[in-house]
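Fold and contact review
One-letter residues, chain by chain:
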Amino acid sequence: MSKPILGIIGGGQLGSMLAIAANKLEIKTVIFCDDIDAPAQNFSNDFVHGEYNDKNKINEFLNKVDVVTYEFENIPYETLNEINRIKPVLPKPSVNRIIQHRLAEKDFINNLNIKTTQYISIEKKSDIESVQDLLPGILKTTTLGYDGKGQHPINSLENLDTINIDYSKGYILEKLVKLKKEISIIITRFSDHKYEIYEPIENVHEDQILKNSKIPAKISDKILEQSKLWATQISEELKYIGTLCVEFFIDRNDNLYVNEIAPRVHNSGHLTINAYNVSQFENHVRAVCKLEQIPLKKISNAMMANIIGDQINNYRNKKHNENEFFFDYLKKEIKQKRKMGHLTTLLK
């Protein structure tokens, strides 16, 4: 039986690493992206450039592939749904519809009796004035926004006078927890009750961008088991196929809260490429292409550091140690706060 050709929507670093993993499995990939300079085209077998609502380009893409996945969640639901009528999209578009809307996502999680921080929908300024007990909090757009985009810390009502907010966009106000640390769980679900789950990853953010991740996370056994259980419940309820990330907060009293769900491979899971026998990227390809599920084995403890902006110049053409693995995303333009690569270090 011939292997399927995998279509990947989005051409950034996650698309690149999916293509690399697919190539290892002798699966051809086609990238579809609205960025003519998308770095993932350097690692894929074919590339289609076009807007995500361009029907001609979508059809060109679909004629080249057997199954479709995506590297980021902010693709219009209508586009994914149209594609799914012609070729299977995994994870399914209905998953994306829930998760790309922060209010729907929080409601979904709470309906599973899984804890999140307190939150409320915000449609006008007076909505915030009436819920001052949620301050200090973070005001986030209900759709779009990542790496801190579309997010405004609100410590008091006076802050509202210093920021320009277009309330017609729709917002959610989330109460800040007294943060002890952040962790994430990467899980790949193959089918009903069949999944591979990586150990919790401890994460540190700076300017709302992930700075580094490490395993093992320094957490209690209770938090370890609860985070894995909640991630599993979420993936089962969504009937998810592929790799999923659940991000968590742990407060100073060791309470666990789900922060966000990412319906895709995730930045914090880059270290799985070198620290496990099967990476999050390979597992995603295996799941969506219906390949063999291989039991996970951890090879080493590890730390991953994101390389941001012009920091990349310090890593290119540098000799690295045997336990260091440098990944250059080959992005053409260096920008401030842009992820340009990462370095994974295997630890004893």
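Above this note sits the structure.
A quick note: this is a predicted structure, and the numbers were derived from the prediction, not measured. (Residues numbered from 1 in each chain as written. Predicted model: local features only at pLDDT ≥ 70, side-chain atom pairs only at ≥ 80, totals over all residues. Heavy atoms only, no water.)

1. Notes on the overall build of the protein chain
Check the secondary structure of the protein chain and you find nine helices and 17 strands. Here the C-alpha atoms of the protein chain give a radius of gyration of 20 Å, agreeing with the 20 Å that 2.2 N^0.38 yields for 348 residues. Expressed as a percentage of the 348 residues in the protein chain, the buried residues total 53%. Partitioning the intrachain contacts of the protein chain with sequence separation of at least 6 by distance along the chain shows that 61% fall at a separation of at least 24. Here the protein chain has roughly 16600 Å² of accessible surface; of this, 46% comes from carbon and sulfur atoms. Here the protein chain contributes 46 positive and 46 negative side-chain charges, whose respective centroids are spaced 4 Å apart. (Helix = DSSP H or I, 4+ residues; strand = E, 2+ residues; numbered from the N terminus. Rg over C-alpha atoms; globule rule 2.2 N^0.38 Å. Buried < 20%, exposed > 50% of the residue type's maximum accessible area, 1.4 Å probe, protein only. Contact = heavy atoms within 4.5 Å. Areas by Shrake-Rupley, 256 points an atom, 1.4 Å probe, with all protein chains shown as cover. Lys, Arg positive; Asp, Glu negative; His and termini not counted. Charge placed at Lys NZ, Arg CZ, Asp CG, Glu CD.)

2. What about the sheet that holds strand β2 (residues 29-33)?
Taken in spatial order, the four strands of this open sheet run β3-β2-β1-β4, and their pairing is parallel. Taken across any chain shown, the strands that pair with only one partner, and hence form the sheet edges, are β3 (46-49) and β4 (67-70). With direction set aside, neighbouring strand axes in the sheet form an average angle of 25°. Looking at chain direction, β2 and β3 are connected through four bridges and run parallel. (Pairing = 2+ DSSP bridges. Axes fitted to C-alpha atoms, helices over the stretch in contact; angles between N-to-C directions.)

3. Considerations on the sheet that holds strand β7 (residues 151-154)
Spatially, four strands are ordered β5-β8-β6-β7 in an open sheet, and the strand pairing comes out antiparallel. Across the chains shown, the open sheet's two edge strands, defined by having one partner strand only, are β5 (119-122) and β7. With strand direction ignored, the average angle separating the axes of adjacent strands in the sheet is 25°. For β5 and strand β8 (residues 171-175), the ladder comprises four bridges, and the chain directions are antiparallel.

4. What about the environment of H205?
Within the secondary structure layout, H205 lies in strand β11 (residues 201-206). Placed 23 residues apart in sequence, H205 and E182 show a C-alpha to C-alpha distance of 8.6 Å. With residues up to four places along the chain from it excluded, the contact list for H205 reads E182, L210 and K211.

5. Let's talk about the packing of aromatic side chains
For the structure on display, the rule yields six aromatic pairs. Pairing Y52 with F72 gives two aromatic rings, centres 5.9 Å apart and planes at 50°, and the pair type is tilted. On the criterion of sequence distance, the pair formed by Y52 in the loop between β3 and α2 (55-62) and F72 in the loop between β4 and α3 (77-84) is long-range, its members being 20 residues apart. Each member of the aromatic cluster is reached from another via a ring pair, and the members are F32, Y52, F61 and F72. Directly above the ring of Y257 sits K115, whose terminal nitrogen or CZ lies 5.5 Å from the centroid. (Phe/Tyr/Trp six-rings, centres within 6.5 Å; stacked < 30°, edge-to-face > 60°. Lys NZ or Arg CZ within 6 Å of the ring centre and 35° of its normal.)

6. Quick word on the pairing of strand β10 (residues 194-197)
Here strand β9 (residues 179-191) pairs with β10 via four bridges, running antiparallel. Each bridged residue has a counterpart across the sheet, and for I187 the counterpart in β10 is I197. Remark: two residues form the turn of the hairpin made by β9 and β10, two consecutive strands paired antiparallel; H193 in that turn has positive phi of roughly 60°.

7. Re the layout of surface pockets
Looking at the second largest pocket, its volume works out to about 230 Å³. E206, D207, I209, L210, K211, N306, I308, G309, D310, Q311, Q336 and K337 together form the lining of the second largest pocket. Elements represented by at least two residues in the lining of the second largest pocket include exactly β12 (209-215) and β15 (301-308). For the lining of the second largest pocket, the leading source of residues is β12, giving three residues. (1 Å grid on protein atoms, 1.4 Å probe; cavity = no way out; pocket = protein on both sides within 12 Å on 5 of 7 lines; lining within 4 Å. Points joined across faces, edges and corners; volume = space filled by probe spheres on them.)

8. Brief notes about unusual backbone geometry
Negative phi is the rule for most residues except glycine; trans is the rule for most peptide bonds. The amide bond that connects L90 to the next residue, P91, takes the cis arrangement and shows omega of -5°. When you line up the elements, P91 lands in the loop between α3 and α4 (93-99). The step from L135 to P136 runs through a cis peptide bond, and the omega angle for that step is 0°. Positionally, P136 belongs in the loop between α6 (125-129) and β6 (137-141). At N113, a residue that is not glycine, the phi angle is positive and equals roughly 60°. Tracing the backbone shows N113 in the loop between α5 (102-111) and β5. For N113, a relative accessible area of 72% corresponds to the exposed category. Unusually for a residue other than glycine, D254 sits at a positive phi of about 65°.

9. As for the packing of helix α1 (residues 13-24) against helix α9 (residues 280-288)
Where α1 meets α9, the axes come as close as 8 Å, and the angle between the chain directions of the two elements is 70°. As judged from the angle between their axes, α1 and α9 are roughly perpendicular. The hand of the α1/α9 crossing is right-handed. Together, L14, M17, L18, A21, A22 and K24 of α1 and F281, E282, H284 and V285 of α9 make up the contact between the two elements. Tallied by class, residues from the contact of α1 with α9 come to seven nonpolar, one polar and two charged. (Parallel < 35°, antiparallel > 145°, perpendicular 65-115°, else oblique. Left-handed = near helix turned anticlockwise from the far one by under 90°. Nonpolar A, V, L, I, M, F, W, Y, C, P; charged D, E, K, R; others polar.)

10. Description of the environment of K140
Of note, K140 is situated in strand β6. For the pair K140 and L103, spaced 37 residues apart in the sequence, the C-alpha separation amounts to 10.0 Å. Looking at K140, its side chain comes within polar contact range of the side chain of E174, at 3.1 Å. (Polar contact = N/O pair within 3.5 Å; in protein donor to acceptor, adjacent residues only side chain to side chain.)

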